[in-house]
Amino acid sequence: MLDIRQFREDPEGIKTRLQTRGGESWQLVDEVLAQDERRRAGETEKQQLQSERNRLSKEIGGLKKQGQDTSELEATVRGISERIKTIGEEADAAEEAQTDLLLHIPNLPHAACPVGSDETANPVVREWGAKPEFAFEPKDHVEIGTRLDLFDFEAATRVSTGGFVVFTGVGARLERALIQFLLDLHTEFHGYTEVSPPHIIHRDCMVGTGQLPKFEDDMYSLEEGAFFLAPTAEVPVTNLYRETILKESDLPLKVTAYTPCFRREAGSAGRESRGLIRMHQFDKVELVNLVHPDESFAQLELLTAEAEAVLQRLGLHYRVIELCTGDLGFSSAKTYDLEVWAPGHGAWLEVSSCSNFVDYQARRMRLRFKDAEGHNRFCHTLNGSGTALPRLYVALLETFQQEDGSVKVPEALVPYLKRERIG
RNA sequence: GGUCAGGUGGCUGAGUGGUCGAAAGCACUUCUUUGCUAAAGAAGCGUGCCCCAAAAGGGUACCGAGGGUUCGAAUCCCUCCCUGACCGCCA
């Protein structure tokens, strides 16, 4: 959520920056200001009346003690109370409208964010490693995995529906090995604290990180929308600190979690969805940072490097791209995507998205810290996938496949998988 | 799921209709004293919003959440949520 004070001070600036995202959110700016004025006018009047009521009620108390008749005063106060109620309802309606608008307006892209309308305008920041070369025609992961009995899509439909998979045998063990490898890496080398959060989370959390109210259709909901299956650990982990005031010395707070992620992926059927690439349920290890506002952009660079370390240790070829204004996520001010090379597909796959949300999420969930002067300020929040598992899995199979159909296990994973070769 | 007991400031914990944003203690901050540590004393110490150009200041709301009763609610009533204990069920 953006700061209402910024709307009052520089509405045109907000509009201009929202316009770089595309979409029509900038058109809501004037409406926000109108509701804000309506709200404040109502609140001011209401509070004046409340003050009057408090004064007269005290007077009644005093008079009653002296045994005097107060019926006339009581009637006056009754009238005031009625007006408070009417005006209060008006002010509440304005506030609700204002909040609803603010919740639908995305974050402002960082001033240096490349302007563009879609992913074709995302600049490549750097590339690591080289495309692996093969003396044979590399197969794609579905073919490799099916041959090695690593996973089974058809069996999954017997217990669920399309968009789910069951990992089997060594394939299941590889999934588990990756989770372990990732958590160990981030806790032992990057200073993260590990948590294992609930996967069913209440609605307010989804509002806090920005999935709601706009993207409800993409989420699995329970109990008529009161609860949701977490679409990413970002939601439960960041919301662990909702409505809290941290000490400045607590920052930066770095938390990692492995969780399954649940997404309906409404409207994305058939899009880049072969095999493991786009699932309704997938595993992910997430990195969440709560940081001091002065440090968040530096922290984003570090966070991105921590996610990159995953791919480097596994020896996977990847590139880092920066999202342009038109491709930026709803809550984000700046985002780097990590794309790993999948030789079987001959395509780059997004395995991580590292974002700085500045104070946008913190404001929604009232996550603050007390600074040296004793003022409460909003933290900045960041998160990055560290990393998504299925696409990592795809890249591993396709990168390290051998001509005989087996897959060589990268050294970093051997201690976890306890074998050097699959198949 | 059932029964009972509870939810008050960072913590402990008073407060059952009026001057209570809320006693007291602990913790914390600053200052004074003391050679250091410790101890003692003094003051301060919640959050949101509104008014004010801002600061100062003032106002208002908040005692789990939301409604209600009342001139007036932390206090009475209703609904919901949560926590604890016991019972039932269960991985």
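Worth saying up front: this structure is predicted, and the values here are computed from it rather than measured.

Enquirer: If you had to explain the domain arrangement of chain A to someone new, which residues and values would you point to?
Expert: One can read the domain layout of chain A as domain 1 (4-104) and domain 2 (119-422). Here domain 1 and domain 2 have C-alpha centroids that lie 42 Å from each other. Contacts between domain 1 and domain 2 engage five residues on the former and 11 residues on the latter. Among the residues domain 1 hides against domain 2, the three largest losses belong to Arg21, Leu103 and His104. Together they make up 80% of the total. Seen at the junction of domain 1 and domain 2, the total is zero salt bridges. Put simply, domain 1 and domain 2 have six residue pairs in polar contact (both at pLDDT 80 or more) between them. For the side of domain 1 that touches domain 2, the class distribution of residues is two nonpolar, two polar and one charged.

Enquirer: Break down the sheet that holds strand E8 (residues 245-247) for me, with residues and values.
Expert: Pairing within the open sheet is mixed, and its three strands lie in the order E8-E14-E15. With partners counted over all chains shown, the strands left at the sheet margins are E8 and strand E15 (376-378), one partner each. Strand-to-strand twist in this sheet, taken as the mean axis angle between neighbours without regard to direction, amounts to 40°. Pairing of E8 with strand E14 (residues 368-370) involves three bridges; the strand directions are parallel. In the sheet register, Ile245 faces E14, and the bridge partner there is Arg368.

Enquirer: Could you give an account of the nonpolar core, naming the residues involved and the relevant values?
Expert: One finds Leu178, Leu311, Leu314, Leu316 and Leu392 to be the most contacted residues of the largest nonpolar core, which totals 48 residues. Mapped onto this core, the elements with two or more residues apiece are helix H7 (170-189), strand E10 (281-291), helix H10 (296-314), strand E11 (318-322), strand E12 (334-342), strand E13 (347-356) and helix H12 (389-399). With eight residues, H7 is the single largest residue contributor to this core. The residues touching Leu316, leaving out its near neighbours within four places in the chain, are Trp128, Leu311, Val340, Leu392, Ala395, Leu396, Thr399 and Phe400.

Enquirer: Could you give me a rundown of the protein's contact with RNA strand B, with the residues and numbers involved?
Expert: In the vicinity of RNA strand B lie 25 residues, with Arg39, Glu43, Gln47, Val77 and Arg368 positioned nearest. Within 4 Å of the protein, the contacting atoms of RNA strand B are drawn from sugar and phosphate to the extent of 76%. Within the side chain of Lys64, one N or O atom sits 3.2 Å away from a base nitrogen of RNA strand B. A distance of 2.6 Å separates a phosphate oxygen of RNA strand B from a polar atom in the side chain of Arg368. At the level of elements, helix H3 (29-65), helix H4 (71-104) and E14 are the ones that each hand at least two residues to the surface near RNA strand B.

Enquirer: An account of the environment of Pro106 is needed here, citing residue identities and associated values.
Expert: Take Pro106: it is sitting in the loop between H4 and strand E1 (124-128). It is 8.5 Å that separates the C-alpha atoms of Pro106 and Gly210, two residues lying 104 residues apart in sequence. Setting aside chain neighbours within four positions, we find Pro106 in contact with Leu2, Leu18, Arg21, Ser25, Phe330 and Tyr360.

Enquirer: Talk me through H12; I want residue IDs and the actual numbers.
Expert: With 11 of its 11 residues buried, H12 lies for the most part within the structure. Residues Leu389, Pro390, Arg391, Leu392, Tyr393, Val394, Ala395, Leu396, Leu397, Glu398 and Thr399 constitute the buried set of H12.

Enquirer: Give me the pattern of salt bridges: which residues, what numbers.
Expert: Overall, the coordinates contain 23 salt bridges when judged by the stated rule. For Lys15, the salt bridge is made with Glu12, and the minimal N-O distance between the two is 3.2 Å. A residue pair is termed a helical-turn pair when its members lie 3 or 4 positions apart in one helix, as Lys15 and Glu12 do in helix H2 (residues 11-19) at three residues. The buried category is assigned to Lys15, whose relative accessible area is 11%. A single network of salt bridges, built from pairs that share partners, joins Arg8, Asp36, Arg39, Arg40 and Glu43.

Enquirer: Please set out the side chain of Thr325 residue by residue, giving values where relevant.
Expert: If you trace the backbone, Thr325 turns up in the loop between E11 and E12. Here Thr325 falls in the buried class, since its relative accessible area comes to 2%. A distance of 2.8 Å separates a polar side-chain atom of Thr325 from the backbone oxygen of Thr20. Not counting chain neighbours up to four residues away, the residues in contact with Thr325 comprise Thr20, Arg21, Pro109, Cys113, Pro114, Val115 and Gly116.

Enquirer: Give me unusual backbone geometry: which residues, what numbers.
Expert: Omega for the bond connecting Leu212 with Pro213 falls within 30 degrees of zero, at 5°, which places this linkage in the cis form. As for its position among the elements, Pro213 is in the loop between helix H8 (203-209) and strand E6 (221-222). The omega torsion across Gly386 and Thr387 is 5°, close enough to zero to call that bond cis. Structurally, Thr387 can be placed in strand E16 (residues 380-388). Even without glycine at this site, Glu243 takes up a positive phi of about 55°. Summarising the element assignment, Glu243 is placed in the loop between helix H9 (234-239) and E8. A relative accessible area of 56% means that Glu243 is categorised as exposed.

Enquirer: Can you explain the packing of H2 against H3? Please cite residues and give values.
Expert: Two quantities define a packed helix pair, namely the angle between the axes and the distance from one axis to the other. Following both chains from N to C, one finds H2 and H3 inclined at 145°, their axes separated by 10 Å at the closest point. Of the two possible hands of crossing, H2 and H3 adopt the one that is right-handed. Judged by residue contacts, Pro11, Ile14, Lys15 and Leu18 of H2 engage Val29, Asp30 and Leu33 from H3. Taken together, the residues of the contact of H2 with H3 sort by class into five nonpolar, no polar and two charged.

Enquirer: Help me get a handle on the sheet that holds E16, residues and values and all.
Expert: In space, the eight strands of this open sheet follow the order E1-E11-E12-E13-E16-E10-E9-E4, with mixed pairing throughout. Edge positions in the sheet fall to E1 and strand E4 (193-195), since each of these pairs with one other strand and no more. Recorded for the sheet is a direction-independent mean angle of 25° between the axes of neighbouring strands. As paired elements, E13 and E16 share three bridges and run antiparallel to each other. When the sheet's bridge partners are listed, Asn356 is paired in E16 with Leu382. Contacts from H7 reach E4, strand E9 (253-262), E10 and E16 within the one sheet, and its direction differs from that of E10 by about 5°.

Definitions and cut-offs
- Residues numbered from 1 in each chain as written.
- Chains lettered and ligands numbered in written order.
- Predicted model: local features only at pLDDT ≥ 70, side-chain atom pairs only at ≥ 80, totals over all residues.
- Heavy atoms only, no water.
- Domains from an automatic or database assignment.
- Contact = heavy atoms within 4.5 Å.
- Buried area = accessible area lost by both parts, 1.4 Å probe.
- Salt bridge = Lys/Arg side-chain N within 4 Å of Asp/Glu carboxyl O.
- Polar contact = N/O pair within 3.5 Å; in protein donor to acceptor, adjacent residues only side chain to side chain.
- Nonpolar A, V, L, I, M, F, W, Y, C, P; charged D, E, K, R; others polar.
- Pairing = 2+ DSSP bridges.
- Helix = DSSP H or I, 4+ residues; strand = E, 2+ residues; numbered from the N terminus.
- Axes fitted to C-alpha atoms, helices over the stretch in contact; angles between N-to-C directions.
- Core = buried A, V, L, I, M, F, W, Y, C linked by side-chain atoms within 4.5 Å.
- Buried < 20%, exposed > 50% of the residue type's maximum accessible area, 1.4 Å probe, protein only.
- Near = heavy atom within 4 Å.
- Left-handed = near helix turned anticlockwise from the far one by under 90°.

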